[in-house]
2 protein chains.
Amino acid sequence: MHSNPVIETLLRHASVRKFRDRMPDEEMIATVVRAGQQAPFAMQLGSVILQRGGGFAWGAPLNFIICADAHRIRLIARQRGWDIETCDLSLLLFAIQDAAYMAQNMVVAAESLGLGTCYIGSAPMLAPKIVAECHLPPKVFPLVMLVMGYPAESPPPRPRYPLSFTLFEERYPSFSQEQLDEAMRVMDEGYLAQDYYKADGLKLPVPEDREDRYTFDDYSWTEHISRKMQWAKSPEKLLEHLRACGFELGVGTPRWER
Amino acid sequence: MHSNPVIETLLRHASVRKFRDRMPDEEMIATVVRAGQQAPFAMQLGSVILQRGGGFAWGAPLNFIICADAHRIRLIARQRGWDIETCDLSLLLFAIQDAAYMAQNMVVAAESLGLGTCYIGSAPMLAPKIVAECHLPPKVFPLVMLVMGYPAESPPPRPRYPLSFTLFEERYPSFSQEQLDEAMRVMDEGYLAQDYYKADGLKLPVPEDREDRYTFDDYSWTEHISRKMQWAKSPEKLLEHLRACGFELGVGTPRWER
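Overview of the structure. (Residues numbered from 1 in each chain as written. Chains lettered and ligands numbered in written order. Predicted model: local features only at pLDDT ≥ 70, side-chain atom pairs only at ≥ 80, totals over all residues. Heavy atoms only, no water.)

**Considerations on the sheet that holds strand β5 (residues 167-169) of chain B**
Okay, so step 1: The sheet built from five strands is open, its strands ordered β3(A)-β4(A)-β2(A)-β1(A)-β5(B) with mixed pairing. Here the strands that pair on one side only, and so sit at the sheet edges, are β3 (116-120) of chain A together with β5 of chain B. On average, each strand axis in the sheet is tilted by 25° relative to the strand beside it, whichever way the strands run.
Okay, so step 2: Note: strand β1 (residues 46-52) of chain A against β5(B), three bridges, orientation parallel. Following the sheet pairing, V48(A) is matched in β5(B) by L167(B). (Pairing = 2+ DSSP bridges. Helix = DSSP H or I, 4+ residues; strand = E, 2+ residues; numbered from the N terminus. Axes fitted to C-alpha atoms, helices over the stretch in contact; angles between N-to-C directions.)

See below:
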């Protein structure tokens, strides 16, 4: 593997879930967001609401709400005498990418400055609350939250799949049982070695009709993510929240209030 | 602004659209994808198909197809005796994020190693072709392509909105006409100063009933993106492609072939 300060920063990443009671200075905040802005996909369909002062996940002093934002481009198009004709689904697909590329640059920049970060994935499910609190205009969807601050812990990088289970040459392979077992083993043993779930007493419940045969000696990543995948069975709530943010994914529906 | 080698790399970013005829070595490719893997959101719902040898956009020697991938997690859950119950829309929203965070880490890692990159946003519209060529299993959606190689040009960083047009304190603001004008001016003058559209003769057509009053002396970013937003009027094709990849965004439809 090649290395340099950038690669080291990327490979050292671990989300931080314990923060010090100290506010990053204004220059740090500006640097992080500027670095975010410079991410590619230059339609700039991402924007950021910054909340300060605490009460955020893991005691972080800063909370960035990263939004997929097609509001500004609409204002600009109108100044040029155009309406936005692109359908919401396409708009959203590009806006989510813009926002995510920006967010990830922010994570990398923050960590290079000695700050810790953690994505909070629940923003879409909190959309109505965020829209009201932050006065989001139509066509702005809160994609993810990013808490940030000085870390009060320095967790090790978390396990990842073997490279061969993520990077495929030319074709998506049919995995052999051995490859699958190996990927699962790497993940499970890796997390167990870090006491990841045990340290926080983090174990998702099983349905009533199912026996929980796992203890913290063998409960690890593959069982955890499988249990995670039992929730959000219906898309209705999320579709409703997208709609409340002005995004109608289906066919033939009005898109912009004119 | 604070600075360090990471921040410098992020702020120096510009997409490369001209590549040298030289293949990055295996170690570089592995480093870039490993750095991608370490991105947060540890459900690892992103995977990468690597195509080599050219014929790709801008003459790049490498083309990474970055996929939102819920296939592997399904295989793993099955090994643990679970089915995936999470609806496709939620699954896709998380998988796109995983894939995008990974992709952006790859961009940053590649640029730190002296490689150039360019995202190609058309992957979703090429989904049926990619599925067939790359044998994508169900629940794998090609989100974006990333071409990579040694750059044969070193473009300057492209303009971005003023920070105050992207980063908002506590609330999304109502922009004044002055703020909007200023954001548009920064973008348009910035791109004009770089001869960005003129150099490539890049000017999107207007509909027949509309006069094109712009020349390369005043055609710039705000007019360009406004014209971009006249395409993809219907979501039908994209919905069809998502469906072909096994993602049904609506309510009450079967999600996995059992």
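After presenting the structure, the write-up continues.
**Thoughts on helix α8 (residues 221-228) of chain B**
Okay, so step 1: Most of α8(B) sits inside the fold, with seven of its eight residues counted as buried.
Okay, so step 2: Of the residues making up α8(B), those classed as buried are W221(B), T222(B), E223(B), H224(B), I225(B), S226(B) and R227(B).
Okay, so step 3: On the buried face of α8(B), the contacting elements are α3 (71-79) of chain A together with α6 (177-193) and α7 (196-200) of chain B. (Buried < 20%, exposed > 50% of the residue type's maximum accessible area, 1.4 Å probe, protein only. Contact = heavy atoms within 4.5 Å.)

**Quick notes on the environment of S234(B)**
Okay, so step 1: Mapped onto the fold, S234(B) is located in the loop between α8 and α9 (236-244).
Okay, so step 2: Reaching out from S234(B), the side chain makes a polar contact with the backbone nitrogen of E236(B) at a distance of 3.0 Å. (Polar contact = N/O pair within 3.5 Å; in protein donor to acceptor, adjacent residues only side chain to side chain.)

**Quick notes on empty space enclosed by the protein**
Gaps left between atoms are located by rolling a probe of water-molecule size over the structure's atoms.
Okay, so step 1: Applying the stated criterion across every chain yields a total of seven cavities of 30 Å³ or more.
Okay, so step 2: The computed volume of the largest cavity comes to approximately 160 Å³.
Okay, so step 3: Lining the largest cavity are 15 residues, and of these L92(A), I96(A), L89(B), L92(B) and I96(B) sit closest to its centre.
Okay, so step 4: Where the lining of the largest cavity is concerned, the elements lending two or more residues are α4 (88-112) of chain A together with α4 (88-112) and α9 of chain B.
Okay, so step 5: Here the residues of the lining of the largest cavity are counted per class, giving 15 nonpolar, no polar and no charged. (1 Å grid on protein atoms, 1.4 Å probe; cavity = no way out; pocket = protein on both sides within 12 Å on 5 of 7 lines; lining within 4 Å. Points joined across faces, edges and corners; volume = space filled by probe spheres on them. Nonpolar A, V, L, I, M, F, W, Y, C, P; charged D, E, K, R; others polar.)

**Side note on the relation of the copies chain B and chain A**
Okay, so step 1: Rotating chain B by 180° and moving it 0.0 Å along the rotation axis overlays it on chain A with an RMSD of 0.0 Å. Considering both components of the superposition, the chain copies are consistent with a two-fold axis. Minimal C-alpha separation from the rotation axis in chain B is found for V6(B), amounting to 2.6 Å. (Least-squares fit on C-alpha atoms with pLDDT ≥ 70 in both.)

**What to know about the packing of aromatic side chains**
Okay, so step 1: Applying the stated rule across the entire model yields 32 aromatic pairs over all chains.
Okay, so step 2: Between the aromatic rings of F168(A) and Y172(A), the centroid separation amounts to 4.7 Å while the plane-to-plane angle is 55°, which identifies the pairing as tilted. Residues F168(A) and Y172(A) agree in their burial class; the two are buried.
Okay, so step 3: Where F216(B) meets Y219(B), the ring centres are 6.4 Å apart and the plane angle is 80°; that geometry is what we call edge-to-face.
Okay, so step 4: Given the relative accessible area of 1%, Y219(B) is considered buried.
Okay, so step 5: Clustering of aromatic rings is evident, with ring pairs tying together Y161(A), F165(A), F168(A), Y172(A), F175(A) and W221(A).
Okay, so step 6: The aromatic ring of F216(A) is capped on one face by K203(A), whose charged end is 6.0 Å from the ring centroid. (Phe/Tyr/Trp six-rings, centres within 6.5 Å; stacked < 30°, edge-to-face > 60°. Lys NZ or Arg CZ within 6 Å of the ring centre and 35° of its normal.)

**Things to note about the side chain of R158(B)**
Okay, so step 1: Assignment of secondary structure puts R158(B) in the loop between β4 (140-149) and β5.
Okay, so step 2: Looking at R158(B), its side chain comes within polar contact range of the side chain of Q194(B), at 2.5 Å.
Okay, so step 3: Non-local contacts of R158(B), meaning those with residues more than four positions away in its chain, are made with Q38(A), H13(B), Y191(B), Q194(B) and Y196(B).

**Describing the interface of chain B and chain A**
As a measure of interface size, the accessible area lost when the parts come together is often cited.
Okay, so step 1: Between chain B and chain A, the residue contacts involve 130 residues of the former and 131 residues of the latter.
Okay, so step 2: Around 11900 Å² of area is buried between chain B and chain A when both sides are counted, 64% of it from carbon and sulfur atoms.
Okay, so step 3: Three residues stand out in chain B for area buried against chain A, namely W82(B), Y172(B) and M229(B), and they jointly supply 8% of the buried area on that side.
Okay, so step 4: Applying the counting criterion to the chain B and chain A interface returns four salt bridges.
Okay, so step 5: Taken together, the links from chain B to chain A amount to 68 residue pairs in polar contact (both at pLDDT 80 or more).
Okay, so step 6: No other element matches the 17 residues that α4(B) contributes to the side of chain B that touches chain A.
Okay, so step 7: Of the residues that constitute the side of chain B that touches chain A, the class distribution is 76 nonpolar, 30 polar and 24 charged. (Buried area = accessible area lost by both parts, 1.4 Å probe. Salt bridge = Lys/Arg side-chain N within 4 Å of Asp/Glu carboxyl O.)

**Thoughts on the sheet that holds β4(B)**
Okay, so step 1: Strand order in the open sheet formed by five strands is β5(A)-β1(B)-β2(B)-β4(B)-β3(B), with mixed pairing between adjacent strands. Strands with a single pairing partner mark the edges of an open sheet, and in this sheet they are β5 (167-169) of chain A together with β3 (116-120) of chain B. Here the strands of the sheet are splayed against their neighbours by 25° on average, with no regard to which way each runs.

**Observations regarding the environment of V32(B)**
Residue and element names in this part refer to chain B.
Okay, so step 1: Tracing the backbone shows V32 in helix α2 (residues 26-37).
Okay, so step 2: When its relative accessible area of 0% is taken as the criterion, V32 is described as buried.
Okay, so step 3: It is 9.8 Å that separates the C-alpha atoms of V32 and M102, two residues lying 70 residues apart in sequence.
Okay, so step 4: Excluding anything up to four places from it in sequence, V32 contacts M106, A109, A110, L113 and M148.

**Some points on the pairing of β3(B)**
All names here are of chain B.
Okay, so step 1: With five of its five residues buried, β3 lies for the most part within the structure.
Okay, so step 2: The side-chain alternation of β3 yields two buried faces, one formed by G116, C118 and I120 and the other by T117 and Y119.
Okay, so step 3: Relative to β4, β3 runs antiparallel, the two being bridged by five bridges. Across the sheet, residue Y119 finds its bridge partner in β4, namely L146.

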